[in-house]
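Architecture at a glance
The lines below spell out each chain.
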Amino acid sequence: GASMEVESFVSRTLELLQEERKAEIEETRAWQQNLSLKNLQQKGVCLLKLQIGSQRTGMHGRLLVAFEPRKSIGPPVLPSNSFGPGDIVGLFESEGCSQPSQLCSGVVTHVTQVSITVAFDDTQDGVSLESDGLYNIMKLANDVTYKRLTRALNSLNVYRNGPAAHLISVLFGYTDPGALSHQKWFNSGLDDSQKEAVSFALSQKDVAIIHGPPGTGKTTTVVEVILQAVKQGQKVLCCAPSNVAVDNLVERLAKCKAKVLRLGHPARLLESVQKHSLDAVIAQSDNSNIIADVRKDMDKVLSQMKKAYDKGQRSSLRREIGELRKELKSREQMAITQILKKATVILATNTGATDDGPLKYLPSEHFDLVVIDECAQALESSCWIALLKGHKCILAGDYKQLPPTIKSQNAAAKGLSVSLMERLIQKYGDSVVRMLTTQYRMNSAIMQWASEQMYQGKLTAHPSVEKHLLRDLAGVADLEETSTPLLLIDTAGCGLNEMEDTDEQSKGNQGEVDIVALHVKALAEAGVQAKDIAVIAPYNLQVDLLRQKLSNEHPDLEIRSVDGFQGREKEAVLLSLVRSNRKGEVGFLAEDRRLNVAVTRARRQLMVVCDSQTVRNHDFLKSLIDYMSKHGEVRTAFEYLEDLVPENYSRNHKDEPANVKESSSKPKVKKQQSKTEQSKEKNVSKNKGERDCQAAASDTHELSSKTASDFHKTKAADQTESQMIKEEIRQQLLVFLGDENKKELLFPASLSSHERLLVHQLSEELGLSHVSRGVAKQRHITVSKQVPGPAEPAETPFKEPAESTKPEIRTNEEVLEKEPDRHPPKPALDFKSLHLERMRREQEKRAGKNLSTTLETNLKGDKGQPKKKSKAHDDFDALIDAVVKADSVCAFVKCKASVLTLGQLCLYCNRQYCLSHHIPEVHGCGDKAKAQARMRISKEGVLYAGSGQKDKSMDPNKKAYLQRKLDSKLKDMASQRKTKSKDKEH
Ligand SMILES: Nc1ncnc2c1ncn2[C@@H]1O[C@H](COP(=O)(O)OP(=O)(O)OP(=O)(O)O)[C@@H](O)[C@H]1O
Ligand SMILES: [Zn+2]
Ligand SMILES: [Zn+2]
């Protein structure tokens, strides 16, 4: 019977729920009073200016109306929003008076990217919507859920002899959990931890918990449990907090031939789910024809009513509808009861299992087992709606992922956010839990961080996924971009700040949007399909910015908030952490479980773009950054900035020293090494530096490898060491600047990413051009002064010929280009000239690169490029011709053989050669090939014939990749040319 425990739980929870309810109402009120409709739309709680797509009659005679964005305005996509099935919404006229009144309220039944469907209740007679009107839809405070929760708690409090009596006493600690016994699997492929969980769950007398970390096959396990229970003759009620999770179970159970019935509004329109909805089952039942006829009659009367202007006529039609509805209801009720009794598994959302729904037609002892999936995402009180109907419960979920969203921080802090699953684990510990430990999703490099941080290091990757990479997907080229499971792009010090004028709840960062776009582009060019990529950001604003930038070009790319991705997976996940500010605030990100969810969506690649300086202020984020720095590939955003326009990059780094120290991405572990290990390590890294120096081209000036030392010091010493390194690099650069004979300064590949960052920053400060080249471990920076600083007058040499050939006609372009001459040199801090200078430099680089890979016949290429440079951007057609032509001719000096059909690509210099010249030793790549061969032999212990490079020239994926890359280069160049000439027009 009821007890102190139950009573105190109920009274405390009722209080907290009331507080939560107040917070919700207060928030809604505050928003509606203080925010414009537009702002409300940005918050995702309101949709403006929708038109009606279609209307029809649904279950219980409800009117179903689909609303869509106006077709006339851009792509018909709804703004990012938080509407979902079951939400109660108000409908408002969009135009007219300043205080529009609510037309009526309804329940959302379905939301897609392009439409939202709302069911209007039969009590709202006379809802007649003009098909050409514009409407606003606003979320209303939903007290249905609150009422259901309160009712369940009150029933719990007075519960005496129902089916759940024993269960209540176990779940509140009055009786110990017990065991039953079981045998043969439906799914023989279950792994050991899954089998153990199923046996355990079936053998428990009253309660079992299945803890399923990401990708461990929790649903697979739950399905097996349910099938076994059904085989034992049990009637099962199966719930989950979200419609999507319920639909997932419906699909999986139906595939196994279970007699399932779905209550409520399915979120999926898939036939496989719809046909098990009450709606559809009724339609297949004996009563269906009659019911359909009644509905048809209703639709007819409804449309007559729309045309009727006469008041009397309208009210008689309204009466007629009322009659028809009554008939419909009683016929549907009979059908429902029959159907419910026949089903062996009934599925609904937690709150959908309410007594005021169809379940009221069933006897109280009907269910034997209640299963709650995604239990850790549910309010405990919502679980009790279903739990009160069964003898035994099985709870599945992962309490290390996101808990239910709660608005009242106070209520959350006092325990409202503690799920039943968490509470029971605290109470009973391992005795009621089995954890699934084999995961079938992530490359082990992606998994390991989460495993250590969240799951006591217990997860193992199944061999089928352990090493899988993007490049293993069909049609994907084998490239650096597709061969790394972890990629960190650090924007620290690059000036890619978050937007400053936004509120706490929504943050954006344009720089990160641009970097994500570049990575999406790189993956797309490598052959990764957009549908296999997810872009995740923690803020709605950033989600919208990302969609603006990417959705047109990649309609299949999914871009969502973290919360929207729970329970999902993608081959590649690109995570933009957004926050970048001087204060080091991380805000919303600081929920460990949110980050765990985001990271564990990724199967083959996790790319994170963030400002490590800012996000490191949070321990958990820091652990991810450290882990990725240690086990993944790290790049600084500077390596992407060549392709970006740094709008807010500042050369003023007055407050820098402290910041720069923070951006060090050396893993912390190293700092704890013993003295002897430290000195050993130092020697190793020194040797490594020397090796790299030797490998680097010998005709350029080289930096001593001293800067490539490690920081093994305490924090304070760390900072001064970082300072010293910075000074050292600055000195090197200054010496180089002063030496007229040196054109390029080469930094060795042994630099850490932090040191590379410093080189980029300082070069930028000193007005030097800085480019990183090479891949993976070979990545190194070349600094050059080929381009004069912005303060110097524009070069004349390449402009003169243009003027002399057309002396009379002066184009806008020329006038513009002359501008700098007339003005006194601008100070180096001028953003506009910095920007223009960058644009110009980038174009020259492109032009130079293409020329050097094609026209330049200087044996070793790239170094002769400066002289040719910017003539090219005056004549793009010639350049494109050159690219196309040169690409079809052998790149060897003086050889004119065509390589269109029989060409071979050299992987060291990336050029096409005819069959006589394709061997690296012949055309000058011999050293690189040998070095590579040595590396491969020592790494793989395999000896390859010839120069040690497996012949990859026939890999069709790679060929396709190169073709796409060339296409997109040409497209880029063409479109740049277009925007350029457009710019010049005004
Ligand atoms: N025993 C198994 N053998 C092979 N593959 C499995 C096994 N169990 C699960 N999987 C695979 O792992 C993936 C996830 O399984 P499932 O859908 O059951 O988990 P989920 O509950 O949806 O996800 P999560 O475990 O992240 O909550 C599926 O692709 C499934 O085929
Ligand atoms: Zn070569
Ligand atoms: Zn040749």
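In the annotation of an unreviewed UniProt entry, the protein is listed under the name DNA-binding protein SMUBP-2 and assigned to Pygocentrus nattereri. Its UniProt record, at the heading Function (unreviewed entry), says of the protein: "5' to 3' helicase that unwinds RNA and DNA duplexes in an ATP-dependent reaction. Specific to 5'-phosphorylated single-stranded guanine-rich sequences. May play a role in RNA metabolism, ribosome biogenesis or initiation of translation. May play a role in regulation of transcription. Interacts with tRNA-Tyr."

**Observations regarding the overall build of the protein**
Helix and strand content of the protein: 35 helices and 27 strands. In the form shown here, the protein has an accessible surface area of approximately 46300 Å², with 51% of it arising from carbon and sulfur atoms.

**Some remarks on the site of ligand 1**
Around ligand 1 there are 15 residues in total, and G189, Q194, G215, T219 and T220 lie nearest to it. Within the backbone of G215, one N or O atom sits 2.6 Å away from an oxygen atom of ligand 1. With respect to ligand 1, the side chain of T220 contributes an N or O atom lying 2.4 Å from an oxygen atom. For ligand 1, whose free accessible area comes to 620 Å², the fraction covered by protein is 70%. By residue number, the principal contributor to the shell around ligand 1 is helix α6 (residues 218–231), which donates three residues.

**What to know about the sheet that holds strand β13 (residues 433–435)**
With respect to topology, seven strands assemble into an open sheet ordered β9-β10-β8-β11-β12-β7-β13, the strand pairing being parallel. Every other strand in the sheet has two partners, leaving β9 (260–262) and β13 as the edge strands with one partner each. Looking at each pair of strands side by side, their axes are set apart by 20 degrees on average, direction ignored. Seen against the sheet, helix α7 (residues 243–255) touches β8 (236–240), β9 and β10 (345–349) and runs at an angle of roughly 160 degrees to β10.

**Comments concerning the packing of aromatic side chains**
Aromatic ring pairs are described here by two measures, namely the spacing of the ring centres and the angle between the planes. Per the counting criterion, the structure on display carries four aromatic pairs. When the ring of F9 is compared with that of F172, the centres are 5.4 Å apart and the planes differ by 55 degrees; the resulting orientation is tilted. With F9 in helix α1 (residues 4–34) and F172 in the loop between α4 (165–171) and α5 (192–203), this pair connects stretches of sequence that are 163 residues apart. Accessibility assignment for this pair places F9 and F172 in one class, buried. Centroid distance W449 to F620: 5.0 Å. Interplanar angle 50 degrees. Geometry classified as tilted. With W449 in helix α15 (residues 444–454) and F620 in helix α23 (residues 619–631), the pair connects residues that are 171 residues apart, well separated along the chain. The buried category is assigned to F620, whose relative accessible area is 7%.

**Let's talk about the coordination of the zinc ion (ligand 2)**
At 1.9 to 2.4 Å from the zinc ion (ligand 2) lie its protein donor atoms, namely C906 (SG), C909 (SG), H923 (NE2) and C925 (SG). Around the zinc ion (ligand 2) sit four donor atoms; with metal-centred angles ranging over 99 to 117 degrees, the donor geometry is tetrahedral. One chain supplies every donor for the zinc ion (ligand 2), spaced along it as C-x2-C-x13-H-x1-C. Of this pair, C909 sits in the loop between β26 (904–905) and β27 (912–913) while H923 sits in helix α33 (residues 920–923); the two residues are 14 residues apart in sequence, bridging distant segments of the chain. When its relative accessible area of 16% is taken as the criterion, C909 is described as buried.

**As for the pairing of strand β4 (residues 102–111)**
One ladder, built from five bridges, connects strand β3 (residues 88–93) with β4; its direction is antiparallel. Looking at the pairing, G90 lines up with S105 of β4. Of the pairings in the sheet, the one linking β4 to strand β5 (residues 116–120) comprises five bridges and is antiparallel in character. Along β5, the bridge assignment pairs G106 with F120. A loop of four residues connects β4 with β5, the two strands running antiparallel in sequence.

**Remarks on the pattern of salt bridges**
What the rule picks out here adds up to 35 salt bridges. R262 is the salt-bridge partner of D247, the closest N and O atoms lying 2.8 Å from each other. Of this pair, D247 sits in helix α7 while R262 sits in strand β9; the two residues are 15 residues apart in sequence, bridging distant segments of the chain. Here D247 falls in the buried class, since its relative accessible area comes to 0%. We note a salt bridge from R635 to E633, for which the minimum N-O separation is 3.2 Å. E633 sits in the buried class, given a relative accessible area of 13%. Each of R441, E569, E571, R603 and R604 takes part in a single network of salt bridges with overlapping partners.

**Quick look at the sheet that holds strand β20 (residues 602–610)**
Strand-to-strand pairing in sheets goes through backbone hydrogen bonds, with the strands running parallel or antiparallel. Spatially, six strands are ordered β18-β17-β19-β20-β16-β21 in an open sheet, and the strand pairing comes out parallel. Lying at the two open borders of the sheet, with one neighbouring strand each, are β18 (558–561) and β21 (633–636). The average angle at which neighbouring strand axes cross in this sheet is 20 degrees, direction not considered. Two elements, strand β17 (residues 533–537) and strand β19 (residues 570–576), share four bridges in a ladder whose sense is parallel. Its bridge partner lying in β19, A534 is registered against V573. Contacting β16 (486–490) and β20, α15 crosses the sheet at an angle of about 65 degrees to β20. Strand contacts of helix α19 (residues 540–550): β17, β18 and β19, with the helix running at about 170 degrees to β18, the strand carrying the most contacts.

**Focus on helix α3 (residues 143–158)**
With 16 residues, α3 extends 23 Å from end C-alpha to end C-alpha; this agrees with the ideal 22 Å at 1.5 Å per step. Burial in α3 covers these residues: L149, T150, A152, L153 and L156. Projection of α3 onto a plane perpendicular to its axis shows the buried side chains occupying an angular sector of 160 degrees, all on one side. The exposed residues of α3 that point more than 90 degrees off its buried face are K147 and V158. Looking at the buried side of α3, the elements it contacts are α1, α4 and α12 (380–387).

**A few points about unusual backbone geometry**
Positive phi, normally seen in glycine, also occurs at K49, with a value near 55 degrees. As for its position among the elements, K49 is in strand β1 (residues 46–57).

**Observations concerning the nonpolar core**
Within the largest apolar cluster, 91 residues are counted, with the highest numbers of intra-cluster contacts made by F67, I116, L156, I346, W384 and L387. At eight residues, the largest contribution of residues to this core is made by helix α11 (residues 311–342). Residues in contact with I346, not counting those within four places in the same chain, are V236, L237, C238, L261, L263, L340, L359, L362 and F367.

**Observations concerning a negative patch on the surface**
On the surface, E93, E95, E130 and D132 cluster together into a patch of negative charge. Mapped onto the secondary structure, E95 falls in the loop between β3 and β4.

**Topic: α1**
Look at α1: 44 Å from first C-alpha to last across 31 residues, which is about the 45 Å you get at 1.5 Å a residue. In this fold, the buried residues of α1 make contact with α2 (37–42), α3, α4, α12 and α13 (409–416).

**Quick notes on the packing of α1 against α3**
A pair of packed helices is characterised by two quantities: the angle between their axes and the separation of those axes. One can describe the packing of α1 onto α3 by two numbers: an axis separation of 9 Å at closest approach and a directional angle of 170 degrees. The orientation of α1 relative to α3 falls into the category roughly antiparallel. Where α1 crosses over α3, the handedness of that crossing is left-handed. Counted together, V6, E7, F9, V10, T13, L14, L17, Q18 and R21 of α1 and D143, Y146, L149, T150, L153, N154, L156 and N157 of α3 form the full contact between these two elements.

**Things to note about the packing of α6 against α7**
Contact pair α6 / α7: the axes reach a minimum separation of 10 Å and the direction vectors enclose 55 degrees. One element, α6, and the other, α7, form an angle in the oblique class. The hand of the α6/α7 crossing is right-handed. Across the interface between the two elements, T219, T220, V222, V223, I226 and L227 from α6 touch N248, L249, R252 and L253 from α7. Among the residues making up the contact of α6 with α7, the classes are represented as six nonpolar, three polar and one charged.

Reading the values: the criteria
- Residues numbered from 1 in each chain as written.
- Chains lettered and ligands numbered in written order.
- Predicted model: local features only at pLDDT ≥ 70, side-chain atom pairs only at ≥ 80, totals over all residues.
- Heavy atoms only, no water.
- UniProt positions renumbered as here; feature names shortened; annotations may be inferred.
- Helix = DSSP H or I, 4+ residues; strand = E, 2+ residues; numbered from the N terminus.
- Areas by Shrake-Rupley, 256 points an atom, 1.4 Å probe, with all protein chains shown as cover.
- Near = heavy atom within 4 Å.
- Polar contact = N/O pair within 3.5 Å; in protein donor to acceptor, adjacent residues only side chain to side chain.
- Pairing = 2+ DSSP bridges.
- Axes fitted to C-alpha atoms, helices over the stretch in contact; angles between N-to-C directions.
- Contact = heavy atoms within 4.5 Å.
- Phe/Tyr/Trp six-rings, centres within 6.5 Å; stacked < 30°, edge-to-face > 60°.
- Buried < 20%, exposed > 50% of the residue type's maximum accessible area, 1.4 Å probe, protein only.
- Donors = N, O, S within 2.8 Å, 3.2 Å for Na, K, Ca; no water.
- Tetrahedral: all angles 85-135°; square planar, octahedral: opposite > 155°, others 65-115°.
- Salt bridge = Lys/Arg side-chain N within 4 Å of Asp/Glu carboxyl O.
- Expected span 1.5 Å × (residues − 1).
- Arc of directions from axis to C-beta.
- Core = buried A, V, L, I, M, F, W, Y, C linked by side-chain atoms within 4.5 Å.
- Patch = residues over 30% accessible without salt bridge, like charges linked within 9 Å, V, L, I, M, F, W, Y side chains within 5 Å.
- Lys, Arg positive; Asp, Glu negative; His and termini not counted.
- Charge placed at Lys NZ, Arg CZ, Asp CG, Glu CD.
- Parallel < 35°, antiparallel > 145°, perpendicular 65-115°, else oblique.
- Left-handed = near helix turned anticlockwise from the far one by under 90°.
- Nonpolar A, V, L, I, M, F, W, Y, C, P; charged D, E, K, R; others polar.

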